[in-house]
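# Breakdown of the fold
The chain contents come next:
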Amino acid sequence: MRRDQDQKQGGTEGAGKPDRRTVLADAAIGVLADAGVRGLTHRAVDAAAGLPVGTTSAYLRTRQALLTALVRRLVELDQGELQAMGERVVIRSADELVDGIAELMRHRLTGEGRRRSLARYACAVESVRDPELREILVPRENAGRAVVRTFLAGQGVADPDGRTTTLLACIDGLVFDRLVGGGETGVDELQGLVAAALRGATGVRGSGRGRRHGAAVESADHA
C-alpha cells in the first residue's frame, strides 16, 4: 500500500523528501560504485540506505528491478547535471568549449560524480546483455548537448549532430580512461578533441588560445 502511495505522490514522501525508491536507488549507486556488480545485493543496499533488512526487496523485489531503478536514477542525475551546465554555460569560442569539457570532466572524476561514473560504466557493461538497461542508457537530448551542437553548427561544421555525438563519446572515453588508469587530462588533449570536432569548419576564429585551435583545425584538414 505504501509503495502505491509513493508512486502516486510523484516521487516524494512528504514535502521535500525523496521517495523511498529514490533513496534506495541512490544507495544502490553507491554500493555499485564501492563494491562492484557482485557486491550489489538487496541487503547491501538496505545497509547503505540505513533501512531495515528487507526494505529493498519489498520495493524492488528482483535484481533486475534493482538494476533498472539504479540505471534510471543514474540517467536522471546525469541529465540534470548536463541540463544545468547547458543552461549556465555559454560557448562562443573553441576555448570556451574546451573549458566546458574540462569542467564536465572534473564533475565526472571527483566526489559523488566519480562514484556515479564508476556505477555508470558498470551498468554499461551489464547493458550489453540487457536490452532494457541499454535502452535506458541511450544518450538523450539535454541543454548541454544542445549548446555544443549549436556552437558547432554556428562554426559551419558539416553534420553538427554527428560531430556532437562523436565529441561527447570521446569525452566519455577520456573519463573512462582516467577513471581506470588515473592521471590528469591535459588541456592539449581537450584542444585536440575540439579541433577534430571543428575540422572543416568555416567560422573558426579567435585570439590567444583560440588561434592555436584554428591552427590545429587547419593542420587536421591537411593531414
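Small disclaimer: the values here were computed from a predicted structure and weren't measured.

Here the focus is the overall build of the protein. When you go through the protein residue by residue, the secondary structure sums to 12 helices and 0 strands. Reading the secondary structure of the protein in the N-to-C direction produces α-α-α-α-α-α-α-α-α-α-α-α. A buried classification covers 41% of the 223 residues belonging to the protein. Expressed as a percentage of contacts within the protein between residues at least 6 apart in sequence, the contacts between residues at least 24 apart total 61%. Accessible surface for the protein amounts to roughly 11800 Å². Of this, 53% is attributable to carbon and sulfur atoms.

Quick look at the nonpolar core now. In this structure, L97, I101, M105, L167, L190 and L198 are the most contacted members of the largest nonpolar core, which totals 29 residues. Elements with a contribution of two residues or more to this core: α5 (63–88), α6 (94–109), α9 (143–154), α10 (160–181) and α11 (187–197). Per-element accounting of this core gives the leading share, 8 residues, to α6. Grouped together as the second largest cluster of nonpolar side chains are 23 residues, A27, I29, V31 and A122 included.

Turning next to the pattern of salt bridges. Following the criterion strictly, the structure yields 15 salt bridges and no others. The closest approach of N and O atoms between D26 and R73, which form a salt bridge, is 2.6 Å. With D26 in helix α2 (residues 20–35) and R73 in helix α5, this residue pair connects regions lying 47 residues apart in the sequence. Exposure remark for R73: the relative accessible area of 16% places this residue in the buried category. A salt bridge links E96 to R92; the nearest nitrogen and oxygen atoms lie 2.8 Å apart. Several salt bridges share partner residues, and in doing so they unite D78, E81, R108, R116 and R120 into one network.

The next point concerns the packing of aromatic side chains. Given two aromatic rings, their pairing is described by the distance between the two centres and the angle made by the two planes. Counted by the stated rule, this structure contains 1 aromatic pair. Pairing Y121 with F176 gives two aromatic rings, centres 5.1 Å apart and planes at 75 degrees, and the pair type is edge-to-face. Residue Y121 is found in helix α7 (residues 111–127), and its partner F176 is found in helix α10; the two are separated by 55 residues along the sequence. The exposure class assigned to Y121 is buried, which follows from its relative accessible area of 11%.

The next point concerns the confidence of the model for the protein. For the protein, mean pLDDT is 86; residues scoring 70 or higher make up 83% of the total. Averaged pLDDT values for the elements of the protein fall to 40 in helix α1 (residues 2–8) and rise to 98 in helix α3 (residues 42–49). Under a pLDDT of 50 for its full length, residues 1–12 has, in the predicted model, 20 contacts with residues more than four places off or in other chains. Note that residues 210–223 has pLDDT below 50 and, in this model, 17 contacts with residues that lie over four places away or in other chains.

Right, let's get into the side chain of E81. Looking at where E81 falls in the secondary structure, it is placed in helix α5. Within the structure, E81 has its side chain in polar contact with the side chain of R116 (distance 3.5 Å). Among all residues touching E81, those that are not within four sequence positions of it are L104, H107, R108 and R116.

With that settled, the discussion passes to α6. With 16 residues, α6 extends 23 Å from end C-alpha to end C-alpha; this agrees with the ideal 22 Å at 1.5 Å per step. Along α6, the positions that sit buried rather than exposed are A94, D95, L97, V98, G100, I101, A102, E103, L104, M105, R108 and L109.

The first and last C-alpha atoms of α10 sit 31 Å apart over 22 residues, in line with the 32 Å expected at 1.5 Å per residue. Here α10 has its buried residues at T164, L167, I171, L174, V175, R178 and L179. For α10, the buried positions fall inside an angular range of 135 degrees around the axis, keeping them on one side. Projecting away from the buried face of α10 at angles above 90 degrees are the exposed residues V180 and G181. Among the structural elements, α6, α7, α9 and α11 are those in contact with the buried residues of α10. Just past α10, the residue G182 takes up positive phi, approximately 75 degrees.

On to the environment of V45. With respect to the element layout, V45 can be found in helix α3. Beyond its immediate chain neighbours, meaning those up to four positions away, V45 contacts L24, A27, A28, V31, L40, T56 and L66.

Rules and cut-offs
- The residue numbers shown here count from 1 along each chain, following its written sequence.
- It should be noted that, the model being predicted, local features are given only for residues of pLDDT at least 70 and side-chain atom pairs only at 80 or more, the latter also being counted only at that level, while totals for whole chains, interfaces and linings use all residues.
- Side-chain descriptors were evaluated using all non-hydrogen atoms of the structure, hydrogens and water having been removed beforehand.
- Where helices and strands are cited, they refer to DSSP runs of H or I of at least four residues and of E of at least two residues respectively, numbered from the N terminus.
- Each residue's exposure class comes from its accessible area (1.4 Å probe, protein chains only) as a fraction of the maximum for that residue type: buried when under 20%, exposed when over 50%, partly exposed otherwise.
- Note on contacts: a residue pair is in contact if any heavy atoms of the two residues lie within 4.5 Å.
- Each accessible area is a Shrake-Rupley estimate made with a 1.4 Å probe; only the visible protein chains count as cover when residues are assessed.
- For our purposes a nonpolar core is just a set of buried Ala, Val, Leu, Ile, Met, Phe, Trp, Tyr and Cys residues, chained together by side-chain atoms within 4.5 Å.
- Between Lys or Arg on one side and Asp or Glu on the other, a salt bridge is scored when a side-chain nitrogen of the former is within 4 Å of a carboxyl oxygen of the latter.
- In this scheme Phe, Tyr and Trp rings, the latter by its six-membered ring, pair at centre separations within 6.5 Å, and the angle between planes marks the pair as stacked below 30 degrees, edge-to-face above 60, and tilted otherwise.
- As a per-residue measure, pLDDT reflects the predictor's confidence and takes values from 0 up to 100.
- The definition of a polar contact used here is a pair of N or O atoms within 3.5 Å, where within protein one atom must be able to donate a hydrogen and the other to accept one, and adjacent residues in sequence count solely through side-chain atom pairs.
- What a helix should span is 1.5 Å times the count of its residues minus one.
- Working definition: the arc comes from the directions between the helix axis and the C-beta atoms, pointing outward to the latter.

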